[in-house]
Amino acid sequence: VTALLVVLAIAVAAGGVVAMAAPNPRHAALGASWAALAAAFVGDPLPDPAALTARVAGAALAGWLLWMALRDAPRATDRSALGLSGNAAVAMVALVAGWFAALALASQLAAAGPDGASSTAAAALAAGSPIAAAALGTSFALVVLAAYPVLAPRDGLRMGLGTMLLMVAAELAIAAIGGGDDGTAIAFGVSLACAGAALASIAAVLLRQPAGLALRDPHGHELVAHRATNNLRRTDLP
Amino acid sequence: VTLVVMLLIAGAGAGATAYALRLGGRIAQAAAIGGTLALLLVALLAVAGAGPATQVAGNDPSVPPGSAWGGTLVPGSYLQLVVCLMAGMAVLLTGMAWLLGGIPELVGILPAMLAAVAGTTVALSASHPIIAALGATGTGLVAIPIIFADQRSGRTFPALREFRASLITGSVVAVAAVVAELVMRIVFADPTAAGAQAGSPPAAAVGLGALGLGLVVAARAGAVPFHLRLARLADVIPPIGLPLAAAWIPLPLTVAALLVTDSLLAPLALPVDAERGALVVLALVGLGGAALAAFIADDLRHAIAYLVAADSAIALVAIAALDPGTSGPTRAWLVVILVSKTGLGAWSAAVEDRFATRAMPDLRGWARRAPILGLALVVIGLATFGLPGWISFDIRDSLPHTAVVEPWSTLLMVASFLTLPTYVRLVLLGIGEPAAHVHRAAPEQFRHQFTAGAQMAARGIARLGHTALTRSGQAGKAVAARVGSRGDPDRVAAPGHANEPGADTTGSTSDTPQGMGNDVIASRAVPSVALAEAEPAGGPGPMRARSVASAANLARAAIGPGMAGLRAAAERGRQVVPSAKEVRRGRTELLSTAVLVLALLGAVLAFGGLDLAHAAGESGAGGSSGLETN
């Protein structure tokens, strides 16, 4: 089971790579949804089955909403500058770095003495659990993958998916350190569903615009100029 | 249970209104009414049932009383106060939005306010900082339906910025909470080790955590240097959405960040002076920068947004303090901001609607045409700055001195008053010679409207009372007549008897619908007469039948006029209560009055009313961490 969960953690990172690098917007949404869904199972210990179900349902709902919102999306959008292999390489390096960081943290906890390592919050990490290390590594990978599309966005969908991946990364970091519980899992499920609904509505509006999902041209200029509302909307005043 | 019901009403109400309001027609009208009732119900529940002492949880002693889901959500006085204020103000803002643009104006704002109430309830009642942070994340997302209420182009980037800000700020607070807990484990396990030294890994982690929390609070509030998002947002949302976007959304995240700071970072007491210094500088930049931006802004919405951002930056001082003692005043300050800045945003929406412009130079002389709005702005300014002894003034004065040493504390205190010139500018602008836009606007006719409204209400009440009294008298007379004629139902049933002295059941007043009382009595009496005539005379059976018939007649005689009276009263009410169009004809004055009510509410809170200090200082739900602090 441990090896399976470690592989699952790596698969979460792979989902992040697809989300950021796949040219097809629906594939990208599928990658992000997979990452959000599978991340629910990367934890030691896992939450209660009911909480886990709520968390999975939230991620699945987010994925379904995104899939439906993107049904009229173009087949291909601008490729990521790094491409699929470049993103994968970056993710791999970040994952390994995160793994080593987890090991370093575990040794720090062990050095702190039995009180530091025996708490529930840090027990798995201090015990050198590979699941906790893989979760922290995957969290690092998702942060690195999503950083550029989120901070300097050219594509509205990638920006949104990257933001969702950052949220998943936060959840994985919390799972790695062991700070989460059943209530946290449910809260993440609800938050992911809300985020998916919000991003789906944004994507639907984006697709109705002439520029499509793109926000900026290759030179960094906004394709849809910012425009303030009219002063008033006098619709049916007497 | 009450907490869960509140969440269900607010959450389901948000979803249902978001869907139904877009359908238009009668469904949208029903959704608007239903959403408003849901807000009222949430406010009532918050007042009546969400207190910690009002309910008893199960038998588990570890679960706090009144909590939901095994102690995950715990009610408290602060939650009660904030949710009640939010829901109450939401009702006022709903009414204002309807006056401003009818049902279409409610499409984004009403579901967003319901969702904000639900998210804030979660964030403020969460016993775990991670759940509080995620509740704040959900609250942040409510800006998106407001933005997309109007789906013209140019709105996606602001919506994406809101999406990014909401998810990232919430995630950072959640991760900071769990990292802080980890550091706490390490430090408390070996306090003599490197943890106590500046620059050690635990100290660096705590310092970075505090700095990160300060940055996300500043970013969420739109403080300088994160002000661009707020300005762009103010441009694309309807004016009445500004209070929600600028004042409501940052509150739960700030409370969650304070929860982490006070319960996890502050107890460690690690030397993190450099990071605290950086936070103080950030607070100074936020206070001074936003105040300057508000002062030089020529766009009213931008100026209001910056004013809100400047006051929100005071919360950074509490994070910089890393002192649990600053938590209570800061939470009180957040409530004062919530209410006074809601009033300010509503004032801005009313002014913009009134004079058909948001350009400050075009608003010269606004107060001459809108004295009620002028009074409201003065009261809002009073609520914002307060007077010595008021909560808002004392916090501006004492919080910096509690948090940091001289000369920074004095600098912060002075910086917190830097928004005052902008309020003075707005007032001076208002009393100047009216500009063309202002000159074209019709002056407020509050006195005329008030007199007419009062007359209408008095007349309506008088007529309703008269009708009710008349009908009650008729009912009483009818009963007396029944009692007097017991055993002789034909006496009552005979047409001529109904008009005899002592048995008068007619509507004799000119206000009564013609013949209603008499007809009702007669029609109710006839079947019993027929029943009595159909029975054979003599014997116990016929006697029982006559008794039953007599009792039925009595009941009908009593109920009939009452029902008729109710119908007549309803008809009078329909005639007296103004129609929607009539109400909106006086919308100028109604909008100004609603703003004044919000401003007065802010002043009451700034004074320390509604037991604000006690509620903000409680160490219960939403104010204490569910994490162990050793």
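Quantities reported herein were computed from a predicted structural model and do not represent experimental measurements. (Residues numbered from 1 in each chain as written. Chains lettered and ligands numbered in written order. Predicted model: local features only at pLDDT ≥ 70, side-chain atom pairs only at ≥ 80, totals over all residues. Heavy atoms only, no water.)

**Thoughts on the overall build of chain A**
What counts is decided by this rule: By the criteria applied, helices consist of DSSP H or I runs no shorter than four residues and strands consist of E runs no shorter than two, each listed in order from the N terminus. Remark: exposure states derive from per-residue accessible area (1.4 Å probe, protein chains only) relative to the maximum for the residue type, with buried under 20%, exposed over 50%, and partly exposed in between. What makes two residues a contact is simply this: any of their non-hydrogen atoms within 4.5 Å.
Secondary structure summary: chain A contains nine helices and zero strands in total. Sequence-ordered secondary structure for chain A, helices as α and strands as β, is α-α-α-α-α-α-α-α-α. Taking all 238 residues of chain A together, 51% fall into the buried category. Pairs at least 24 apart in sequence give 74% of the contacts found in chain A among residues at least 6 apart.

**Remarks on the overall build of chain B**
Under the convention used in this document: With residues, only the protein chains shown are counted as cover, and all accessible areas are computed by Shrake-Rupley using a 1.4 Å probe.
Each helix and strand in chain B was counted, giving 28 helices and zero strands. For chain B, the proportion of its 630 residues judged to be buried stands at 58%. Here chain B displays about 23500 Å² of accessible surface, and carbon together with sulfur accounts for 67% of that area.

**A word on the nonpolar core**
Rule in force here: Remark: nonpolar core denotes a set of buried residues (Ala, Val, Leu, Ile, Met, Phe, Trp, Tyr, Cys) joined through side-chain atoms within 4.5 Å.
Ranked by size, the top nonpolar core spans 259 residues in total, and within it Met164(A), Leu21(B), Met96(B), Phe163(B), Trp248(B), Trp347(B) and Trp366(B) carry the most contacts. Top contributing element to this core by residue count: helix H7 (residues 156–189) of chain B, with 16 residues. Apart from the residues lying within four places of it in its own chain, the contact partners of Trp248(B) are Met86(B), Met89(B), Ala90(B), Leu93(B), Met113(B), Ala116(B), Pro243(B), Leu338(B) and Thr342(B).

**Describing the packing of aromatic side chains**
Formally: In this scheme Phe, Tyr and Trp rings, the latter by its six-membered ring, pair at centre separations within 6.5 Å, and the angle between planes marks the pair as stacked below 30 degrees, edge-to-face above 60, and tilted otherwise. When the NZ atom of lysine or the CZ atom of arginine is within 6 Å of a ring's centre and also within 35 degrees of its normal, the charge is said to sit over that ring.
This model, assessed by the stated rule, comprises five aromatic pairs over all chains. Consider the rings of Phe385(B) and Tyr423(B), whose centres lie 5.4 Å apart with planes at 85°: the pair is edge-to-face. Of this pair, Phe385(B) sits in helix H17 (residues 371–385) while Tyr423(B) sits in helix H20 (residues 420–430), and the two are 38 residues apart along the sequence. In terms of burial, Phe385(B) and Tyr423(B) fall into one category: buried. In textbook terms, an aromatic cluster arises when at least three aromatic residues are bridged by ring pairs, as seen for Phe385(B), Phe393(B), Phe417(B) and Tyr423(B). Positioned above the aromatic ring of Trp67(A) is the side chain of Arg26(A), whose terminal nitrogen or guanidinium carbon lies 3.8 Å from the ring centre.

**Some points on the pattern of salt bridges**
Residues and elements named next belong to chain B. Note the cut-off: What counts as a salt bridge is simple: a side-chain nitrogen of Lys or Arg found within 4 Å of a carboxyl oxygen of Asp or Glu.
Tallied over the entire structure, the rule returns 11 salt bridges over all chains. Note that Glu352 is salt-bridged to Arg301, the shortest N-O span being 2.8 Å. Placement of the pair is Glu352 in helix H15 (residues 327–355) and Arg301 in helix H13 (residues 300–312), with a sequence separation of 51 residues. Of the two residues, Glu352 and Arg301, neither departs from the other in class, the shared state being buried. Each of Glu162, Arg220 and Arg229 takes part in a single network of salt bridges with overlapping partners.

**Description of H17(B)**
Residues and elements named next belong to chain B. Convention followed: Take the residue count of a helix, subtract one, and multiply by 1.5 Å to get its expected span.
With 15 residues, H17 ought to run about 21 Å at 1.5 Å a step, and its terminal C-alpha atoms sit 21 Å apart, in line with that. Where burial is concerned, most of H17 is hidden: 11 out of the 15 residues are buried. Within the sequence span of H17, burial applies to Ile372, Leu373, Gly374, Ala376, Leu377, Val379, Ile380, Gly381, Ala383, Thr384 and Phe385. Residue Gly386 follows H17 closely and has a positive phi angle near 70°.

**Things to note about the packing of helix H12 (residues 273–296) of chain B against helix H19 (residues 408–416) of chain B**
All names here are of chain B. Using the following cut-off: Helix axes are fitted only over the stretch in contact, all axes being lines through C-alpha atoms; the angle between N-to-C directions runs from 0 to 180 degrees. If an angle is under 35 degrees, it is roughly parallel; if it is over 145, roughly antiparallel; if it lies from 65 to 115, roughly perpendicular; otherwise it is oblique. By definition, any crossing whose near helix is turned counterclockwise from its far helix by less than a right angle is left-handed, and any crossing with a clockwise turn is right-handed. Note on residue classes: Ala, Val, Leu, Ile, Met, Phe, Trp, Tyr, Cys and Pro are nonpolar, Asp, Glu, Lys and Arg are charged, and everything else, Gly too, is polar.
Their axes nearest at 9 Å, the elements H12 and H19 cross at an angle of 25°. One finds that H12 runs roughly parallel with respect to H19. Here H12 runs over H19; the crossing is left-handed. Between H12 and H19, the contacting residues are Val280, Ala283, Leu284 and Leu287 on the first element and Trp408, Leu411, Leu412, Ala415 and Ser416 on the second. Across the contact of H12 with H19, the residue classes tally to eight nonpolar, one polar and no charged.

**Regarding unusual backbone geometry**
Across the chain, the bulk of peptide bonds are trans and the bulk of non-glycine residues have phi less than zero. Residues and elements named next belong to chain B. In this chain, Val224 is followed by Pro225 through a cis amide linkage whose omega measures 15°. By the secondary structure assignment, Pro225 is in the loop between helix H8 (201–221) and helix H9 (227–236). Across the junction of Glu406 and Pro407, the peptide omega takes the value 0°, indicating a cis bond. For Leu322, which is not glycine, the phi torsion reads 50° and is therefore positive.

**Focus: the environment of Phe188(A)**
Assignment of secondary structure puts Phe188(A) in helix H9 (residues 182–208). Along the primary structure Phe188(A) and Ala134(A) are separated by 54 residues, whereas in three dimensions their C-alpha atoms are 20 Å apart. In this structure, Phe188(A) is in contact with Arg55(A), Met167(A), Glu171(A), Ile174(A), Ile130(B) and Leu134(B), ignoring residues within four places of it in sequence.

**Points about helix H1 (residues 2–20) of chain B**
Spanning 19 residues, H1(B) covers 26 Å between terminal C-alpha atoms, matching the ideal 27 Å at 1.5 Å per step. Buried residues of H1(B): Thr2(B), Leu3(B), Met6(B), Leu7(B), Ile9(B), Ala10(B), Gly13(B), Ala14(B), Thr17(B) and Ala20(B), and no others.

**So, the packing of helix H1 (residues 2–21) of chain A against helix H2 (residues 25–38) of chain A**
Residues and elements named next belong to chain A. Close contact between H1 and H2 brings their axes to 7 Å; oriented N to C, the two are set at 155°. With respect to their mutual orientation, H1 and H2 come out roughly antiparallel. Between H1 and H2 lies a crossing whose hand is left-handed. Contacts between H1 and H2 pair Leu8, Ala11, Val12, Gly15, Gly16, Val18 and Ala19 from the former with His27, Ala28, Gly31, Ala32, Trp34, Ala35 and Ala38 from the latter. Among the residues making up the contact of H1 with H2, the classes are represented as 10 nonpolar, four polar and no charged.

**Remarks on a nonpolar patch on the surface**
Residue and element names in this part refer to chain B. Convention followed: Residues qualify for a patch when their relative accessible area is over 30% and they have no salt bridge, like charges being joined within 9 Å and the nonpolar side chains of Val, Leu, Ile, Met, Phe, Trp and Tyr within 5 Å.
Together, Val281, Val285, Val405, Trp408 and Leu411 line one region of the surface with nonpolar side chains, adding up to about 440 Å² of accessible area. Taken together, the elements giving at least two residues each to the nonpolar patch come down to H12 and H19. Along the polypeptide, Val281 turns up in helix H12. Looking at Val281, the relative accessible area reads 41%, which means it is partly exposed.

**Focus: the side chain of Asp155(A)**
All names here are of chain A. Worth spelling out the cut-off: Polar contact is the term for a pair of N or O atoms within 3.5 Å; when the atoms are in protein, one must be able to donate a hydrogen and the other to accept it, and sequence-neighboring residues count only if both atoms are side-chain atoms.
Here Asp155 is to be found in the loop between helix H7 (130–151) and helix H8 (156–177). A relative accessible area of 11% means that Asp155 is categorised as buried. In terms of polar contacts, Asp155 uses its side chain to reach the backbone amide nitrogen of Leu157, at 2.8 Å. When sequence neighbours within four positions are dropped, the list of residues in contact with Asp155 reads Thr77, Leu213, Ala214 and Leu215.

**With respect to the environment of Thr357(B)**
Residue and element names in this part refer to chain B. Structurally, Thr357 is set in the loop between H15 and helix H16 (366–369). A C-alpha to C-alpha distance of 9.1 Å links Thr357 and Val438, two positions 81 residues apart in sequence. A polar side-chain atom of Thr357 sits 3.1 Å from the main-chain amide nitrogen of Ala359.

**Some words on the confidence of the model for chain A**
Heads up, the condition is: Every residue carries a pLDDT, the predictor's confidence in it, which falls somewhere between 0 and 100.
The predicted model of chain A has a mean per-residue pLDDT of 83, with 84% of residues at 70 or higher. Here residues 230–238 of chain A is modelled with pLDDT under 50, and outside its nearest four sequence neighbours on either side it reaches 30 contacts, counting other chains as well.

**With respect to the confidence of the model for chain B**
Residues and elements named next belong to chain B. The predicted model of chain B averages 78 in pLDDT, with 73% of residues at 70 or higher. The weakest mean pLDDT in chain B belongs to helix H24 (residues 516–534) at 41; the strongest belongs to H20 at 92. In the model, residues 52–59 has pLDDT below 50 throughout and makes 17 contacts with residues more than four positions away in sequence or in other chains. Here residues 487–539 scores under 50 on pLDDT; set against residues more than four positions off or in separate chains, the count is 65 contacts. For this predicted complex, the interface confidence reaches an ipTM of 0.90, while the overall pTM sits at 0.79.

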